[in-house]
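If you want the building blocks of each chain, they are given just below.
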Amino acid sequence: MNHFRSLVVFVSQFSHRLHVLVVMLCVGTLSNLSFANTTNNGAYDSELAAVRAATDLYNPISLREDREFMGAIVRQGSHYSYTVLPGKLGGDSVSLTFSGEDWQNVVALWHTHGDASPLRQFFSHFDTKLVQQTGKRFYLADYTGVLKVFSPEHRTLSSFAASRLGLPSGRGFATGEPVTDRNKQPILVQTSDAELKAYC
């Protein structure tokens, strides 16, 4: 039996329709555990290429079905792949479990925020807590089409700034930073199936 660190992420939606993550880190003993209930996809030349592939594919579905998706970006030698797990329609949780060996290869996390709503363009306080606890970048695709990231060095909004944006009271919410290309232009992800077909 091998000792491992298990990351379990629960994703919930509440009446204010913000994406919420509750994180539990624990230590246990299991053998042969690997990306339980996730799907490993493709091989890409960079972290960003894997993120774009994942969000281009799943953001339109997320918007259409009001279903959140979440996964990890995994480094495999000189290539990268992504994992994905869908949230349940009308459900309140998604869980991802990684063995210690798998977690060492995770370089970032990504997620979508479901149906279009002005509040869903922000990282929730649980999103930012996840980044602070894991030290991993967290990418967000939403209805705006602008790919965003929240990194460990980024700052969260003050309670006052959050309230001015219409966010629930409390600290920890964040706007994140737009992900840009080599020309410093924001990277856009797909928001509709029609765009995805044209893109392909």
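You'll find the structure just up there.
The following paragraphs examine the structure supplied in this document. Residues take numbers from 1 onward in each chain, read along the sequence in its written order. Only residues with pLDDT of at least 70 get local features here, since the model is predicted, and only at 80 or more are side-chain atom pairs given and counted; chain-wide, interface and lining totals rely on the full set of residues. As a rule here, side-chain values come from all non-hydrogen atoms in the structure, and water together with hydrogens is ignored.

Turning our eyes to something else, we now look at the overall build of the protein chain. Broken down by element type, the protein chain carries 5 helices and 9 strands. Split into buried and exposed, the 200 residues of the protein chain put 48% on the buried side. For this analysis, residues touch if any pair of their heavy atoms sits within 4.5 Å. The contacts in the protein chain between residues at least 6 apart in sequence include a share of 68% that link residues at least 24 apart. Areas reported here follow the Shrake-Rupley algorithm with a probe of radius 1.4 Å; residue values treat only the protein chains shown as occluding. Total accessible area computed for the protein chain in this model is approximately 10,000 Å², and 50% of it derives from carbon and sulfur atoms. Only DSSP runs of H or I covering at least 4 residues are called helices, and only runs of E covering at least 2 are called strands; the numbering of each starts at the N terminus. Buried, partly exposed and exposed residues are distinguished by accessible area as a fraction of the type maximum, computed with a 1.4 Å probe on protein chains only: under 20%, between the cut-offs, and over 50%, respectively.

Attention shifts here to the environment of T191. Tracing the chain through its elements places T191 in the loop between strand 9 (177–178) and helix 5 (193–199). By relative accessible area, which is 24% here, T191 ends up partly exposed. As a C-alpha pair, T191 and D56 span 135 residues in sequence and 7.7 Å in three-dimensional space.

Before going further, it helps to examine the nonpolar core. What we call a nonpolar core is a set of buried Ala, Val, Leu, Ile, Met, Phe, Trp, Tyr and Cys residues that are connected through their side-chain atoms within 4.5 Å. In this structure, Y58, I73, Y82, W110, Y139 and L147 are the most contacted members of the largest nonpolar core, which totals 21 residues. Counting only elements with at least two residues in this core, the list comes to helix 1 (47–65), strand 4 (69–76), strand 5 (79–86), strand 6 (106–112) and strand 7 (137–141). Sort the elements by how many residues they give to this core and helix 1 lands first, with 6 residues. Once residues within four sequence positions are removed from consideration, L147 is found in contact with L48, V51, R52, T55, Y139, L140, E177, P178, V179, I187 and V189.

In terms of burial, strand 6 is a largely internal element, 7 of the 7 residues being buried. Strand pairing follows a simple DSSP-based rule, namely that at least 2 bridges must link the two strands. As paired strands, strand 4 and strand 6 are joined by 5 bridges and run antiparallel to one another. Counted as the bridge partner of M70 is H111 from strand 6. Pairing analysis gives 5 bridges linking strand 6 to strand 7, with the strands arranged parallel. What sits directly across from T112, in strand 7, is A141. Note on handedness: a clockwise path from strand one over the helix to strand two, with the strands aimed away from the viewer, defines a right-handed crossover. Assessed by its sense of winding, the connection that carries the chain from strand 6 through helix 3 (residues 125–134) to strand 7 is right-handed.

For a helix, the expected span equals 1.5 Å multiplied by the number of residues minus one. Taking 1.5 Å per residue, 19 residues should reach 27 Å; helix 1 reaches 27 Å between its end C-alpha atoms and fits that length. The angle between axes fitted to the seven-residue stretch ending at a residue and the seven-residue stretch beginning at it gives the bend at that residue. If you look at helix 1, its biggest bend is around 35°, right at Y58, and the proline P60 turns up within four residues after that. At the C-terminal side of helix 1, D66 shows a positive phi close to 50°.

Right, let's talk about helix 3 for a bit. Taken together, the buried positions of helix 3 are occupied by D127, T128, L130, V131 and T134. Across the axial projection of helix 3, the buried residues extend over an arc of 150°, all falling on one side. Looking one or two places after helix 3, you find G135, whose phi comes out positive at around 75°. This arc is taken over the directions from the axis of the helix to the C-beta atoms.

In the sections that follow, a salt bridge refers to a side-chain nitrogen of Lys or Arg positioned within 4 Å of a carboxyl oxygen of Asp or Glu. Taken as a whole and judged by the stated rule, the model has 5 salt bridges. Notably, a salt bridge pairs D66 with R120, separated by 2.7 Å at the nearest N-O pair. With D66 in the loop between helix 1 and strand 4 and R120 in the loop between strand 6 and helix 3, the pair connects residues that are 54 residues apart, well separated along the chain. Through salt bridges with shared partners, a single ionic network connects R64, E65 and R67.

Nothing here speaks to function; it is all geometry.
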